[in-house]
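Examination of the molecular architecture
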Amino acid sequence: TIHAITGAVPGGAIIGCKEATETVDQTYSIPHLHVATKMYTANLPLRVPVRGPGGPEASTFIESVLQRIAHHLDLDPSAVRETNFYSPTATDMCPPSVSMMGRPMPPPRTLTEPYVLPRIWEELKATSGWEGRKSEVERFNTANRWRKRGLAMTTLRYPRPLSFSSALINVYKDGSVVLHHEGVEMGQGLSIKTVQTACETLGMGLFGEALPTSLVRMADLDTAFMPNPGPSAGSTASERMCWAIHDAATKLVDKLMPFCKPGDASVADRWREVITAADGAKVSLQQQGEYKPLSGKPFEFYDTYGAAVSEVEIDVLTGERRIHYCEMLYDCGKSLNPLIDIGQAEGALVMGIGFHTSEEVVIDESTGRLLTDGTWEYK
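Below is a short write-up of the structure. This structure is a prediction, so every number in the text was calculated from the model and none was measured.

1. Let's talk about the overall build of the chain
Scanning the chain from N- to C-terminus turns up 10 helices and 11 strands. Projected onto the principal axes, the alpha-carbon positions of the chain cover approximately 80 × 50 × 45 Å. Expressed as a percentage of the 379 residues in the chain, the buried residues total 37%. At a minimum sequence separation of 6, the contacts of the chain that also span at least 24 residues come to 73%. Accessible surface computed for the chain: about 21400 Å², of which carbon and sulfur atoms make up 57%.

2. As for the packing of helix 6 (residues 190-207) against helix 8 (residues 267-280)
Look at helix 6 against helix 8: their axes get within 11 Å of each other, and the N-to-C directions meet at 80°. In terms of their interaxial angle, helix 6 and helix 8 are classed as roughly perpendicular. Note on element contacts: helix 8 touches helix 6 through V267, R270, W271 and V274, opposite L202, L206 and F207. Classifying every residue of the contact of helix 6 with helix 8 gives 6 nonpolar, no polar and 1 charged.

3. Comments concerning the environment of P118
With respect to the secondary-structure elements, P118 resides in helix 4 (residues 117-127). What makes P118 partly exposed here is its relative accessible area of 34%. With 31 residues separating them in the primary sequence, P118 and S87 have C-alpha atoms 8.7 Å apart.

4. Overview of the side chain of H181
If you trace the backbone, H181 turns up in strand 7 (residues 177-181). From its side chain, H181 meets the backbone nitrogen of G183 in a polar contact 2.9 Å long. The contact partners of H181, leaving out residues within four places of it in the chain, are S166, A167, L190, T194, M218, L221, M226 and M241.

5. Description of the environment of W243
Tracing the backbone through its elements, the reader meets W243 in helix 7 (residues 237-256). According to the relative accessible area criterion, W243 is partly exposed, its value standing at 44%. Taking the C-alpha atoms as reference points, W243 and W376, 133 residues apart in sequence, are found 41 Å from one another. Those residues in contact with W243 that lie beyond four places of it in its chain are E290 and Y291.

6. Overview of the packing of helix 6 against helix 7
For any two helices packed against each other, the geometry is given by the interaxial angle and the distance between the axes. Running from amino to carboxyl end, helix 6 crosses helix 7 at an angle of 25°, the nearest separation of the two axes being 9 Å. Between helix 6 and helix 7, the interaxial angle falls into the category roughly parallel. As for how helix 6 packs across helix 7, the hand of that crossing is right-handed. Facing L190, K193, T194, T197, A198, T201, L202, G205 and L206 of helix 6, the residues of helix 7 in contact are A237, S238, M241, C242, I245, H246, A249, T250, L252, V253 and L256. Of the residues contributing to the contact of helix 6 with helix 7, the split by class is 12 nonpolar, 7 polar and 1 charged.

7. Remarks on a nonpolar patch on the surface
Taken together, the side chains of V65, I69, L73 and L75 present a nonpolar region at the surface, about 340 Å² in accessible area. Relative to the elements of secondary structure, V65 occurs in helix 2 (residues 55-73). Judged by relative accessible area, V65 falls into the partly exposed class, the value being 43%.

8. Description of helix 2
The end-to-end C-alpha distance of helix 2 is 27 Å, a good match for the 27 Å that 19 residues give at a rise of 1.5 Å each. For helix 2, the complete set of buried residues consists of A58, S59, I62, E63, L66 and A70. The buried residues of helix 2 occupy an angular sector of 110° when the element is viewed end-on, so they sit on one face. Away from its buried face, by an angle of more than 90 degrees, helix 2 presents the exposed residues R68, H71 and H72. Buried positions along helix 2 lie against helix 1 (13-22), helix 3 (77-83) and strand 5 (147-163). Of the residues one or two after helix 2, D74 is the one with positive phi, at around 55°.

Each value, and the rule that gives it
Residues numbered from 1 in each chain as written. Predicted model: local features only at pLDDT ≥ 70, side-chain atom pairs only at ≥ 80, totals over all residues. Heavy atoms only, no water. Helix = DSSP H or I, 4+ residues; strand = E, 2+ residues; numbered from the N terminus. Buried < 20%, exposed > 50% of the residue type's maximum accessible area, 1.4 Å probe, protein only. Contact = heavy atoms within 4.5 Å. Areas by Shrake-Rupley, 256 points an atom, 1.4 Å probe, with all protein chains shown as cover. Axes fitted to C-alpha atoms, helices over the stretch in contact; angles between N-to-C directions. Parallel < 35°, antiparallel > 145°, perpendicular 65-115°, else oblique. Nonpolar A, V, L, I, M, F, W, Y, C, P; charged D, E, K, R; others polar. Polar contact = N/O pair within 3.5 Å; in protein donor to acceptor, adjacent residues only side chain to side chain. Left-handed = near helix turned anticlockwise from the far one by under 90°. Patch = residues over 30% accessible without salt bridge, like charges linked within 9 Å, V, L, I, M, F, W, Y side chains within 5 Å. Salt bridge = Lys/Arg side-chain N within 4 Å of Asp/Glu carboxyl O. Expected span 1.5 Å × (residues − 1). Arc of directions from axis to C-beta.

Functional significance is not addressed by these values, which are geometric in nature.
What follows is the structure, encoded as structure tokens:
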């Protein structure tokens, strides 16, 4: 049973509780697992998730269960985890019995393809030198009384919910391009990815070479252009917006192709020539695009997988801790921008370390006042 204190009102905590309940199985097939979530209001400030609502908690829950099973049976924890992985032929991707506040949750989804977890697991064992590290940790712990090392290898599954999204491309007489879409840039690199998508689609479609990014800029979200936007959440905004921009750019290429002529000029100059000719012919230089889930349903899910190996050391007297080694392997499919995506993965690691080891919300029990209300107090 998952117990969650939401604050004075449930608010955004509902999302985190729902996600934790639905994904608590992560990568493990445990047919007899029953998950029930209960939320409690209290005389406390509103609890709102920052990143990955419910995901870290769900992973912590199930990994702790498997760790305790391995300890109780005196087995290698990594072997227990591997034994309980979903198989490639699995059909149920959620615990068969799931409820939230006493109400049954929707039936489980089917396993999406490709199921790459076994490959990730084996590759990470090889690149991290897993067997050698296990032996070295055992030798270190035998030789040291007051300092101990731990080694773990864990996995994760994250279901990405894709939904309808729209975009708009405006091209001006001077050849400059302005992109509008529903997404919110919050440091995840959304604007760069959408500009890259527009440059690639327009340039390759007309000239066989991407447009220079100096011609294209991203406008801020404005509901005058993009009414009724969906949420930028769930690590899906970049993907959905890029698909919508791609759709709009592809349609725009079809309109501009009759004005494209061979030439030796630069791509930027040829683009301006095409735009001048199309504007002279009174062709609309505005184009809407959209992304729709292929299934026709409001939401379409697919699962992403990853794994990590970490080696840590603690001082059993003082509690001092050090991270000696950490290696992650994550399958993000075809990366829209590898540098951005690697930065996102590294940032998630640092946030996860803080979440589990150094962050704590402290409340005055007599007044309910938040005491850790600043960066230095919180950490």
